[in-house]
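Descriptive analysis of the structure
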Amino acid sequence: MADDRFHVYDTTLRDGAQQEGLNLTVADKLAIARHLDGLGVGFIEGGWPGANPKDTEFFRRAQTELDLKHAQLAAFGATRRAGVKAADDPLVAALRESGAPIVTLVAKSHDRHVELALRTTLEENLAMIRDTVSHLTAEGRRVFLDAEHFFDGYRSNPAYALEVLRTAAEAGASVIALCDTNGGMLPDELADVVHEAAGTGARIGIHCHDDTGCAVANTLAAVKAGATHVQGCANGYGERSGNANLFTVVANLQLKRGFDLVPPQSLREMARIAHAITEVTNVTPNSHQPYVGTSAFAHKAGLHASAIKVDPNLYQHIDPAEVGNDMRMLVSDMAGRASVELKGRELGYELTGEQSRQLVDRVKELEAKGHTFEAADASFELLLRDTVGERRRYFTVESWRVIVERRPGGDVVSEATVKLHAKDERIVATGEGNGPVNALDRAVRLALEKLYPELAEVELIDFKVRILEGTHGTDAVTRVLITSSDATGEWATVGVAENVIEASWQALEQAVTYGLLRAGHSA
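Here goes a summary of the coordinates provided. Everything numeric in this text was worked out from a predicted model, so none of it was measured.

Taking 1.5 Å per residue as the helical rise, helix 12 (residues 270–281) with its 12 residues ought to reach 16 Å, and the 17 Å between its terminal C-alpha atoms agrees with that figure. Of the residues making up helix 12, those classed as buried are Met 270, Ala 271, Ile 273, Ala 274, Ala 276, Ile 277, Thr 278 and Thr 281. Where helix 12 is buried, its residues contact helix 1 (26–39), helix 10 (246–256) and helix 11 (264–267). Positioned one or two residues after helix 12, Asn 282 has a phi angle of 60°, which is positive.

One number sums up the size of the second largest pocket: a volume of about 360 Å³. Lining of the second largest pocket is provided by 18 residues; of these, Asp 386, Arg 391, Arg 393, Gln 506 and Gln 510 occupy positions nearest its centre. Listing elements by their share of the lining of the second largest pocket, those giving two or more residues are helix 15 (353–368), helix 16 (377–388) and helix 18 (500–518). The element that contributes the greatest number of residues to the lining of the second largest pocket is helix 18, accounting for 5 residues. In the lining of the second largest pocket, the residues fall into 7 nonpolar, 5 polar and 6 charged.

Next up on the list: the state of the cysteines. Inspection of the entire model under this criterion finds 0 disulfides. In this structure Cys 214 is not part of a disulfide, and its nearest cysteine sulfur, from Cys 208, lies 9.5 Å away. Owing to a relative accessible area of 15%, Cys 214 belongs among the buried residues under this scheme.

Here we come to the environment of Ala 17. Tracing the sequence through the fold places Ala 17 in the loop between strand 1 (7–10) and helix 1. Sequence-wise, Ala 17 and Gly 370 are 353 residues apart; in three dimensions their C-alpha atoms are separated by 39 Å. With near-sequence residues (within four places) excluded, Ala 17 lies in contact with Thr 12, Leu 22 and Leu 24.

Another aspect to go through is the packing of aromatic side chains. Scanning all chains against the criterion turns up 11 aromatic pairs. Geometrically, the ring pair formed by Phe 58 and Phe 59 is edge-to-face, given 5.3 Å between the ring centres and 80° between the ring planes. The class of Phe 58 is buried, set by a relative accessible area of 0%. Its relative accessible area of 2% is what places Phe 59 among the buried residues. Positioned over the ring face of Phe 76 is Arg 14, at 3.7 Å from the centre of the ring. We note Lys 29 situated over the ring of Phe 58; from NZ or CZ to the ring centre the distance is 5.4 Å.

This brings us to the packing of helix 5 (residues 122–138) against helix 7 (residues 158–171). The N-to-C vectors of helix 5 and helix 7 enclose an angle of 25°; their axes lie 8 Å apart at closest approach. Taken together, the axis directions place helix 5 and helix 7 in an arrangement best described as roughly parallel. Seen along the crossing, helix 5 lies across helix 7 with a hand that is right-handed. Residue-level inspection shows Leu 122, Asn 125, Leu 126, Ile 129, Arg 130, Val 133, Ser 134 and Thr 137 of helix 5 in contact with helix 7, the latter providing Tyr 160, Glu 163, Val 164, Thr 167, Ala 168 and Ala 171. Considered class by class, the residues forming the contact of helix 5 with helix 7 number 8 nonpolar, 4 polar and 2 charged.

About the criteria used
- Going along each chain's sequence as written, the residues are numbered from 1 onward.
- Only residues with pLDDT of at least 70 are given local features in this predicted model, and only at 80 or more are side-chain atom pairs given and counted; all residues enter the totals for whole chains, interfaces and linings.
- Hydrogens and water are ignored here; the side-chain numbers use all heavy atoms of the structure.
- Secondary structure is summarised from DSSP: a helix means a run of H or I of at least four residues, a strand means a run of E of at least two, and numbering begins at the N terminus for each.
- The span expected for a helix works out to 1.5 Å for each residue beyond the first.
- Each residue is placed in one exposure class: buried if its accessible area under a 1.4 Å probe, protein chains only, is under 20% of its type's maximum, exposed if it is over 50%, and partly exposed if it falls in between.
- We call two residues in contact when some of their heavy atoms are within 4.5 Å.
- Only protein atoms enter the 1 Å grid used here, on which a cavity is any set of points holding a 1.4 Å probe that cannot leave and a pocket is any open set flanked by protein within 12 Å on both sides along at least five of seven lines; residues with an atom within 4 Å of a point are listed as lining.
- Grid points are joined across faces, edges and corners, and a volume is the space filled by probe spheres set on the points.
- Each residue gets one label: Ala, Val, Leu, Ile, Met, Phe, Trp, Tyr, Cys and Pro are nonpolar, Asp, Glu, Lys and Arg are charged, and the others, such as Gly, are polar.
- In plain terms, two cysteine sulfur atoms within 2.5 Å form what is called a disulfide here.
- The rule is short: rings of Phe, Tyr and Trp, with Trp giving its six-membered ring, pair when the centres are within 6.5 Å, and they are stacked under 30 degrees, edge-to-face over 60, tilted in between.
- To sit over a ring, a charge needs its Lys NZ or Arg CZ within 6 Å of the ring centre and within 35 degrees of the ring normal.
- The angle between two axes is taken between their N-to-C directions and runs from 0 to 180 degrees, where each axis is a line fitted to C-alpha atoms and a helix contributes only its stretch in contact.
- Each angle is binned into one of four classes, with values under 35 degrees roughly parallel, values over 145 roughly antiparallel, values of 65 to 115 roughly perpendicular, and all other values oblique.
- A clockwise turn of the near helix away from the far one marks a right-handed crossing, whereas an anticlockwise turn of less than a right angle marks a left-handed crossing.

So this is what it looks like as structure tokens:
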């Protein structure tokens, strides 16, 4: 289990699940819990049993289906209702029956919320906290308390907000997490309040929302002011603008402040775990996310590349491998020779000075026409191979055409015919699809799969069309990005033309060529 001197507490499965558009099944929650345990967090908040049938089911299944190595499960709930004993409150009973060794209670610490939301007195709210905490600790549960709206409550009535902390601590709560529920605090003012709260003698935690964009900074400021328990969500998930990104918090504290929070080998899995969780949530990953985003260590400017060629640390604040990420060189119209030389080296090529110059000129010429190689690594590699004379040609195209037909009954069907030459054969193939690109894709497969069976493993998984800046109307210049995959990875290709089908064909032809290159075919 984790060191109890400092807590890393994840609330993705409860607070993070409140993000708009994020809907987790019980199986999803179990899968995410395993990933978080693999990172090495100390506590995983599973949800609110009794209030939510899905969360009740999660805790039931967790008892037999989760074999946690690092984390303990926490069940979230509220203090007892006004006028009811904790032992008689059905929602408190659900917390007891969840099987979770930790219970995290949310309690009001803002006087106006007590009076207007709970519709009870300040004295009764303290009694609700005292009764519920003492009851659950007597039942063998370790109790954490989330002091909801604490910072706003402190502004309104500091004496009462601090009395909530004292009451919870005296009743047996082992941690009181101060919640910036509305996410409106800034680091300096938050740190001052945390310092005052720490003076009560209670063990202080911090729970921040990101409405000012300061959730991570606020969390770090709270730790410096005395908090020894941090809460957050994987990938910054959460309601409104999200919660403090737990990955960023952990990486900052461990790599910048020297805290021993998770095993170093687990930290090196952080990028993989972050991306694995996005697969479960089906939320598009933020490529610019600190530490774990695919762009977190991506370099585009030629000046940066020149410096990195001498020493990678000149433009990187850590070694990306410490969090399981990689440095990436992006090639664009901003590229200089250093950029393409480093990218070439990344692909296994040592370019000569003349090859570098030719490649830079070609990249800038094509990007001026609308191509984007930073988003299409496969297209760049094919261009590089052209430059060094190693481009493999698996087929040559004689012609292609697409017909779009609206049939009786209203169905619209696309039909594509391709004529090409491969392995001394002239091949004509026709494919139908639900759109022109789908029809072309099928026609190419029909034409080539007998000669190259590996194409059966290649799948077109994403297709993006963009009208380029400065053009408009039906004669606009169009850029198409295609992402393809096989059993071992993904790659992206780009095409640009005034005709969207021609642009699509360019990207599709490159995608097929690169797929055959990956399969190890000789030309």
